[in-house]
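For reference, the chains in residue letters:
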Amino acid sequence: MTEQDGEGQVMSVGTNDVPKEASFKGRLQLKQFMFTGAGQSHPSSVPGPRRSQRLSTPLLPQLQPPTIPGSPSKARKRKAQPDLLETTDEPNGPNTLSSRKAKPGSTPSPSPSPSPSPSPSPQKRPRKSSSYAPPSTYAHLPHLPDAVAPNLLILTIGLNPGLRTARTGHAYAHPSNLYWKLLHSSGITPVPCRADEDQSMPARYAVGHTNIVARPSRNGAELSRAEMDAGVAVLEAKCRRWRPEVACIVGKGIWESVFRVRHRRALARGEFRYGWQEERMGVVTGTGGGGAGDGAEEEEEEGEPWEGSRVFVAPSTSGLAATLRPEEKERIWKILGDWCVKRRKEREDAAAAATAATADCTAVPDVV
């Protein structure tokens, strides 16, 4: 005998069973629609609720993979696991893929253990430096003119012009650069100065500026060591020509290039210090030789011998240079500023005395 369920499907009922009349007393006879399973024809023979055939499959034994020396780390195994899901022999419980794919009544066999030798990693290509920028990168920007003149007290030597400096045509023009602030706080300039006054500094305060590398760049990392070493000979020639009393190296990296070219070696650990150095720049021997130190470019010199410019290494004024705190930079620059104030006063006194002597010599004697 057959009867239809609520969805119109036909289901078989045993011949000995008498169908019950439909009742709408608020409860359905759900046992009549329960799945009976294979080989069972009456709902009363079902001992409990329906069980999945997947859960009746015997689980794989918990196998522990052998420890292999030099095997990949757990992180690498986890990373490679998506590609090995179909063949993995390391079940993690009843929900593993190998258990789900097992057919009823079959006993899955464990897969062979992984190869003891890990696959070699691909050889890495040498990575090129991403910092260096060739001169053609900023070839559209003009070079910054030097501010130099004879009889300078201080010639500051910077690294190279930044992009803001090159666009404006004035030295240390970026707002984050501390150059003009440190010149005033140290006493080198009696009043605060601006970047657009850079060309007037030699005439007003006997302070000039130049750079070891002429071309502009975004930062010092875009320069090569060869460019900086090549600029040392140019600095020596400028000091011999203009003969400033002090060559102020603005930044440790510039002095490292000067030292490397002169001594053909790098600074040893603990050999560097800020402030006054024992060496001089632009020495004129008067015998046709070049500057002091090994590696200096030799040129024919005219004029009297000259002992060269004293060298003072000051911290970089760039806003990107954060090795020293601002107060430490001010303390080092103040050493140069105190010398500058004293030397400027000596020059003024000497000039006043010379003027007075000249006036006495040219005075007309009284007629008797």
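**Considering unusual backbone geometry**
Backbone geometry at N151 places phi at a positive 65°, although glycine is not the residue there. Residue position: N151 is located in the loop between α2 (97-100) and β3 (154-158). Despite not being glycine, Y172 has its phi angle at roughly 50°, a positive value. Note that Y172 resides in the loop between α3 (163-168) and α4 (179-186). Here Y172 falls in the buried class, since its relative accessible area comes to 14%.

**Topic: helix α6 (residues 225-242)**
If you check α6, its first and last C-alpha atoms are 26 Å apart, about what 18 residues at 1.5 Å a residue would give, namely 26 Å. Those residues of α6 hidden inside the fold are in contact with β3, β4 (207-211), β5 (246-250), α7 (252-263), β6 (275-281) and β7 (309-314). Positive backbone phi, at 55°, marks R243, one or two positions downstream of α6.

**A short note on the confidence of the model for the protein**
Mean pLDDT over the protein works out to 77, with 60% of the residues at or above the 70 mark. Confidence over residues 291-301 falls short of pLDDT 50; this stretch has 31 contacts with residues more than four positions distant or in other chains.

**What about the packing of α6 against α7?**
Where α6 contacts α7, the axes come no closer than 9 Å and their chain directions differ by 80°. Taken together, the axis directions place α6 and α7 in an arrangement best described as roughly perpendicular. Together, R225, M228, D229, V232 and E236 of α6 and G253, I254, S257, V258, R260, V261 and R262 of α7 make up the contact between the two elements. For the contact of α6 with α7, the class distribution of residues is 5 nonpolar, 2 polar and 5 charged.

**So, the pattern of salt bridges**
Where charged atoms from two side chains of opposite charge come close, those side chains can pair. Applying the stated rule across the entire model yields 17 salt bridges. Between R347 and E245 there is a salt bridge, and its shortest N-O distance comes to 2.8 Å. Taken together, the residues R347 in helix α8 (residues 326-362) and E245 in the loop between α6 and β5 connect sequence positions 102 residues apart. A relative accessible area of 19% places R347 in the buried class. Look at E245 and you get partly exposed, because its relative accessible area is 22%.

**Observations regarding the nonpolar core**
Formed by 27 residues in total, the largest nonpolar core has its most connected members in I154, W180, I188, C248, W333 and L336. When residues of this core are traced back to their parent elements, those giving at least two are α4, α5 (201-205), β5, β7 and α8. The element that contributes the greatest number of residues to this core is α8, accounting for 5 residues. Sequence-distant contacts of L336, that is, excluding residues within four places in its chain, are made with I154, I188, V246, C248, W276 and F312.

**Side note on the side chain of Q277**
Inspection of the secondary structure assignment puts Q277 in strand β6. The exposure class of Q277 is buried, given its relative accessible area of 16%. Side-chain polar atoms of Q277 contact the backbone oxygen of G275, separated by 3.1 Å.

**So, the pairing of β3**
The buried count for β3 comes to 5 of 5 residues, which makes it a mostly enclosed element. Because side chains alternate across β3, one face comprises the buried residues I154, T156 and G158, and the other comprises L155 and I157, equally buried. Examined bridge by bridge, β3 and β4 share 5 bridges and lie parallel to one another. Residue pairing across strands places T156 opposite H209, the latter belonging to β4. Where β3 meets β5, 4 bridges bridge the pair, whose relative direction is parallel.

**Quick word on α7**
At 3.6 residues per turn, the α-helix brings residues three or four places apart onto the same side. In this model α7 runs 16 Å from its N-terminal to its C-terminal C-alpha over 12 residues, within 8% of the 16 Å that 1.5 Å per residue would give. For α7, the set of buried residues is I254, W255, S257, V258, F259, R260, V261 and R262. Here the buried face of α7 lies against β3, α6, β5, β6 and β7. In the stretch just after α7, R264 is the one whose phi turns positive, near 55°.

Cut-offs applied
- Once a new chain begins, its residue numbering starts again from 1 and follows that chain's sequence as written.
- Totals for whole chains, interfaces and linings use all residues, but because this is a predicted model, local features are given only for residues with pLDDT of at least 70 and pairs of side-chain atoms are given and counted only at 80 or more.
- Side-chain calculation: all heavy atoms of the structure are included, whereas hydrogens and water are not.
- Numbering of helices and strands starts at the N terminus; helices are DSSP runs of H or I of at least 4 residues and strands are runs of E of at least 2.
- For the exposure calls, accessible area comes from a 1.4 Å probe over protein chains only, and a residue counts as buried if that area is under 20% of its type's maximum, exposed if over 50%, partly exposed in between.
- Multiply 1.5 Å by the residue count of a helix minus one, and that product is the helix's expected span.
- In this analysis, two residues are considered to be in contact whenever any of their non-hydrogen atoms come within 4.5 Å of each other.
- Confidence scores here are pLDDT values: one per residue, from the predictor, ranging 0 to 100.
- Here an axis means a line fitted to C-alpha atoms, over the contact stretch when the element is a helix, while the angle between two N-to-C directions is reported on a 0 to 180 degree scale.
- Angle categories are assigned with fixed cut-offs, so that under 35 degrees is roughly parallel, over 145 is roughly antiparallel, 65 to 115 is roughly perpendicular, and the rest are oblique.
- Side-chain classes follow a simple rule in which Ala, Val, Leu, Ile, Met, Phe, Trp, Tyr, Cys and Pro form the nonpolar group, Asp, Glu, Lys and Arg form the charged group, and the remainder, Gly included, forms the polar group.
- Whenever a carboxyl oxygen of Asp or Glu lies within 4 Å of a side-chain nitrogen of Lys or Arg, that contact is scored as a salt bridge.
- To form a nonpolar core, buried Ala, Val, Leu, Ile, Met, Phe, Trp, Tyr and Cys residues must be joined to one another through side-chain atoms within 4.5 Å.
- Any pair of N or O atoms that falls within 3.5 Å is considered a polar contact. Within protein, one atom must be able to donate a hydrogen and the other to accept it, and sequence-neighbouring residues count only if both atoms are side-chain atoms.
- Should DSSP find at least two bridges between two strands, the strands are regarded as paired.

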